[in-house]
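# Report on the structure
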Amino acid sequence: MIVIVQFRRSTGKLIGIDRFCDEDFWPSLDRLAELDRQNTEPQDVEVVRLTSQSEAMLARTHGNYFSEYAMSNVQTEVVKAE
Amino acid sequence: MELSRARIDSLGEAIKSGDLNDVDQSVFSYLRSQWAELGNEISNRLILEFGNDNFGVSLRLKNLETIRSKLLRTTLRLSSLRDVVGARIVVNDGLILQNESVLRSVALFGDYAVKIIDRREFPSFGYRAVHVEVRHGLYLGEIQIRTPLQHEWARSMESLARLVGRDVRYGGEPVVDTYSPVVRNLLLNSYRDLVELGRRIELSEVGVLNDTAELFEGLTTINSLVIEIERKVR
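Conventions used here
Residues numbered from 1 in each chain as written. Chains lettered and ligands numbered in written order. Predicted model: local features only at pLDDT ≥ 70, side-chain atom pairs only at ≥ 80, totals over all residues. Heavy atoms only, no water. Helix = DSSP H or I, 4+ residues; strand = E, 2+ residues; numbered from the N terminus. Buried < 20%, exposed > 50% of the residue type's maximum accessible area, 1.4 Å probe, protein only. Core = buried A, V, L, I, M, F, W, Y, C linked by side-chain atoms within 4.5 Å. Contact = heavy atoms within 4.5 Å. Pairing = 2+ DSSP bridges. Patch = residues over 30% accessible without salt bridge, like charges linked within 9 Å, V, L, I, M, F, W, Y side chains within 5 Å. Areas by Shrake-Rupley, 256 points an atom, 1.4 Å probe, with all protein chains shown as cover. Salt bridge = Lys/Arg side-chain N within 4 Å of Asp/Glu carboxyl O. 1 Å grid on protein atoms, 1.4 Å probe; cavity = no way out; pocket = protein on both sides within 12 Å on 5 of 7 lines; lining within 4 Å. Points joined across faces, edges and corners; volume = space filled by probe spheres on them. Nonpolar A, V, L, I, M, F, W, Y, C, P; charged D, E, K, R; others polar. Domains from an automatic or database assignment.

Moving on, we get to unusual backbone geometry. All names here are of chain B. Phi at N54 is positive, roughly 60 degrees, even though this residue is not glycine. Mapped onto the elements of the fold, N54 is located in the loop between helix 2 (22-50) and strand 1 (56-61). In this model, F125 sits at a positive phi of 50 degrees, which is unusual for a non-glycine residue. Inspection of the secondary structure puts F125 in the loop between strand 3 (113-118) and strand 4 (130-136). Look at F125 and you get partly exposed, because its relative accessible area is 49%.

It is worth spelling out the nonpolar core at this point. All names here are of chain B. By size, the foremost hydrophobic cluster in this structure holds 46 residues, and its most contacted members are W35, I42, L46, I67, L78, I89 and I143. For this core, the leading source of residues is helix 2, giving 9 residues. Every residue in contact with W35, bar those within four places of it in the chain, is listed here: F28, L61, I67, L78, V84, V85, Y139 and L140.

All names here are of chain B. Of all 7 residues in strand 4, 5 are buried, a share of seventy percent or more. Examined bridge by bridge, strand 3 and strand 4 share 6 bridges and lie antiparallel to one another. Following the sheet pairing, I117 is matched in strand 4 by H131. The pairing of strand 4 with strand 5 (residues 139-146) spans 7 bridges and is antiparallel. When the sheet's bridge partners are listed, R135 is paired in strand 5 with L140. The hairpin turn running from strand 4 into strand 5, its antiparallel successor, is 2 residues long, and G137 in that turn takes a positive phi close to 65 degrees.

A word on a nonpolar patch on the surface. Judged by side-chain polarity, B:L203, B:V206 and B:V208 come together as a nonpolar surface patch covering roughly 270 Å² of accessible area. If you trace the backbone, B:L203 turns up in helix 6 (residues 181-205).

For the rest of this paragraph, the subject is the layout of surface pockets. Looking at the largest pocket, its volume works out to about 1300 Å³. The wall of the largest pocket is formed by 47 residues, among which B:K62, B:R73, B:D83, B:R169 and B:Y170 lie closest to the centre. Of all the secondary structure elements, the ones that give two or more residues to the lining of the largest pocket are helix 3 (63-66) of chain A together with helix 3 (64-73), strand 2 (85-90), strand 5 and helix 5 (148-164) of chain B. Along the lines of polarity and charge, the residues of the lining of the largest pocket split into 13 nonpolar, 14 polar and 20 charged. Residue contributions to the lining of the largest pocket reach at least three from each of two domains, namely domain 1 (5-146) and domain 2 (149-233) of chain B. Of the pockets and cavities examined, the second largest pocket occupies roughly 360 Å³. If you trace the second largest pocket, you find 15 residues lining it, with A:D36, A:R37, B:L20, B:Q25 and B:L64 closest to the centre. Breaking the lining of the second largest pocket down by element, the ones donating at least two residues are helix 1 (25-38) of chain A together with helix 2 and helix 3 of chain B. Of the residues forming the lining of the second largest pocket, the biggest block, 4 residues, is contributed by helix 2 of chain B. In terms of residue class, the lining of the second largest pocket is made up of 6 nonpolar, 4 polar and 5 charged.

Structure representation (structure tokens):
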């Protein structure tokens with residue numbers, strides 16, 4: 001899977017996450033470019049494209065983006081959407 | 001699009017200046033697609049090779065700003081940045097397994113130009129791991145191979161750097177002026193503890209000390225403290 005995270009360094013939290021399947025290689029690059037262009041706080045907001053077998057695997061190798069704390073805003077947004 | 005090393009490096013200069021014209025933008029887009037394709041190849045091979053080993057395996061593609069920061073922080077040229085495409089393997093045991101995984105990675109990319117950078121022998125401001133550089137034509141990638149302790153240490157330093165400034169990762173002093181005296185002390189002590197834990201991890205991994213559980217506990221404590229401070233001050 002491919003994941004693009006937007007991570008705010010000053011709070012240690014994600015402010016956005018996009019998930020893609022492996023076949024969405026090109027759309028994920030387009031999205032990365034779009035997020036890069038839209039990013040008005042590049043010193044504070046990291047935009048990172050990650051690839052792995054699963055999100056659990058990404059939590060293991062890039063735990064700072066996928067800890068419960070880092071994902072708390074994103075999870076809240078999911079709950080709100082429901 | 002035909003690219004040369006000189007064209008990539010002139011793009012690097014434009015990225016450093018923050019002044020990318022339309023042509024630079026399209027060259028960067030193309031270059032990023034080439035990096036991503038290299039990353040895809042590296043990732044697929046690593047997952048095939050290590051997918052059944054219960055290791056953590058992933059790939060990260062740097063974005064424009066992180067590339068810019070690195071170019072500004074170092075004397076490297078864009079064509080020689082090896083970690084724009086950065087794979088990471090976290091093995092599930094110590095140095096022997098790490099060494100085996102390095103050899104397997106090198107063999108896996110036998111058709112590429114490969115170089116081993118041993119940051120256990122030459123740590124980078126306390127950061128220890130083994131990196132395997134993979135070159136395919138003009139494009140470079142990197143595979144970071146870490147033991148669990150090396151990985152947790154790097155993760156703790158990354159976390160702490162969010163609060164005390166990212167420069168600590170490159171030898172800078174922690175910046176704590178804006179915090180209350182209590183928080184300032186907690187952060188400075190955590191930084192010192194982390195440096196000390198790094199030294200002990202090295203001794204532990206070569207078998208001089210036998211305190212793995214205690215080291216993990218120390219790193220976990222620092223991570224928890226960082227989160228607690230972030231909750232309170234952010």
